[in-house]
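Given next are the chains, with one letter for each unit.
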Amino acid sequence: MQIMERDFIKATNAVYKILDFLPGPSAGGDPLKNKAKSKALEILELLTLVFGRSDTGPAGTGSDPAGDFGTGSDLARDWISLKKYLSVEIRANAKKAIENIGILKNYLEIARGQEWISSMNFLIISKEYDDLKSRITNYIGPESRALEIINLPAPAPKVIGVSDTPIVGVSE
């Protein structure tokens, strides 16, 4: 299992463990617990799609996804790099994972504010997800930031000289 894969599974398990301390439906914690667990699973799914699985062969064999080209061959490495670079879907999943990390952290912030989880647990989980977010950004490369900037909505045009306020001294 790759280190990155282990890290996002570890983070998901940690979220699940601290969410067990949230109160049940009578105290208002259940909807938050369910949404946070769902969001943690969605992040796990997205990260699996972005980074792939290290064990594409039979479970636990750890076979190389590029094994058909030979272990460590330049061709396999170059193909994986090209695939990563060109895949719009990978970038979309990475962006969605980053957005979901922010949402999950907000859910956990609510739980911390209600004193359902400790500040220490919140900070540990937040750091884990911040590290994952940073690694996602590094993985998809700096050009993804440039693409985000290019795709920003254009500001609304301002019409100069048109106003709903009547001009003083002008009669109609």
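Residues numbered from 1 in each chain as written. Predicted model: local features only at pLDDT ≥ 70, side-chain atom pairs only at ≥ 80, totals over all residues. Heavy atoms only, no water.

A.B. asks: A description of the overall build of the protein should follow, citing residues and the corresponding values.
C.D. replies: Helix and strand content of the protein: six helices and zero strands. Listing every helix and strand of the protein by position from the N terminus yields α-α-α-α-α-α. Within the protein, buried positions represent 30% of all 172 residues. Within the protein, counting contacts between residues at least 6 apart in sequence, those at least 24 apart form 70% of the total. Roughly 11,600 Å² of accessible area belongs to the protein as shown, and the carbon and sulfur atoms make up 59% of that amount. (Helix = DSSP H or I, 4+ residues; strand = E, 2+ residues; numbered from the N terminus. Buried < 20%, exposed > 50% of the residue type's maximum accessible area, 1.4 Å probe, protein only. Contact = heavy atoms within 4.5 Å. Areas by Shrake-Rupley, 256 points an atom, 1.4 Å probe, with all protein chains shown as cover.)

A.B. asks: So, the nonpolar core: which residues are in play, and what are the values?
C.D. replies: Formed by 29 residues in total, the largest nonpolar core has its most connected members in Val15, Leu47, Leu104, Leu108, Ile117, Tyr129 and Ile136. Setting aside residues up to four positions removed in sequence, Leu104 forms contacts with Val15, Ala36, Lys39, Ala40, Ile43 and Tyr129. (Core = buried A, V, L, I, M, F, W, Y, C linked by side-chain atoms within 4.5 Å.)

A.B. asks: Which residues make up the packing of aromatic side chains, and what values do they have?
C.D. replies: Summed over the entire model, instances satisfying the criterion amount to two aromatic pairs. Judged by centre distance (6.2 Å) and plane angle (25°), the rings of Phe8 and Phe51 are stacked. One end of the pair, Phe8, is in helix H1 (residues 3-19); the other, Phe51, is in helix H2 (residues 30-51), and 43 residues separate them in sequence. Residue Phe8 is classed as buried on the basis of its relative accessible area, which comes to 2%. Given a relative accessible area of 15%, Phe51 falls into the buried group. Note on Phe51 and Tyr139: the rings are 4.5 Å apart at their centroids and 50° apart in plane angle, and the pair reads as tilted. One end of the pair, Phe51, is in helix H2; the other, Tyr139, is in helix H5 (residues 119-140), with 88 residues separating them in the sequence. Three or more aromatic residues joined by ring pairs make a cluster, and in this case those are Phe8, Phe51 and Tyr139. (Phe/Tyr/Trp six-rings, centres within 6.5 Å; stacked < 30°, edge-to-face > 60°.)

A.B. asks: Could you give me a rundown of the side chain of Asp7, with the residues and numbers involved?
C.D. replies: Positionally, Asp7 belongs in helix H1. Of the residues examined, Asp7 reaches a relative accessible area of 15% and is grouped as buried. Reaching out from Asp7, the side chain makes a polar contact with the side chain of Arg135 at a distance of 2.3 Å. Dropping the residues within four chain positions of it, Asp7 is found in contact with Leu132 and Arg135. (Polar contact = N/O pair within 3.5 Å; in protein donor to acceptor, adjacent residues only side chain to side chain.)

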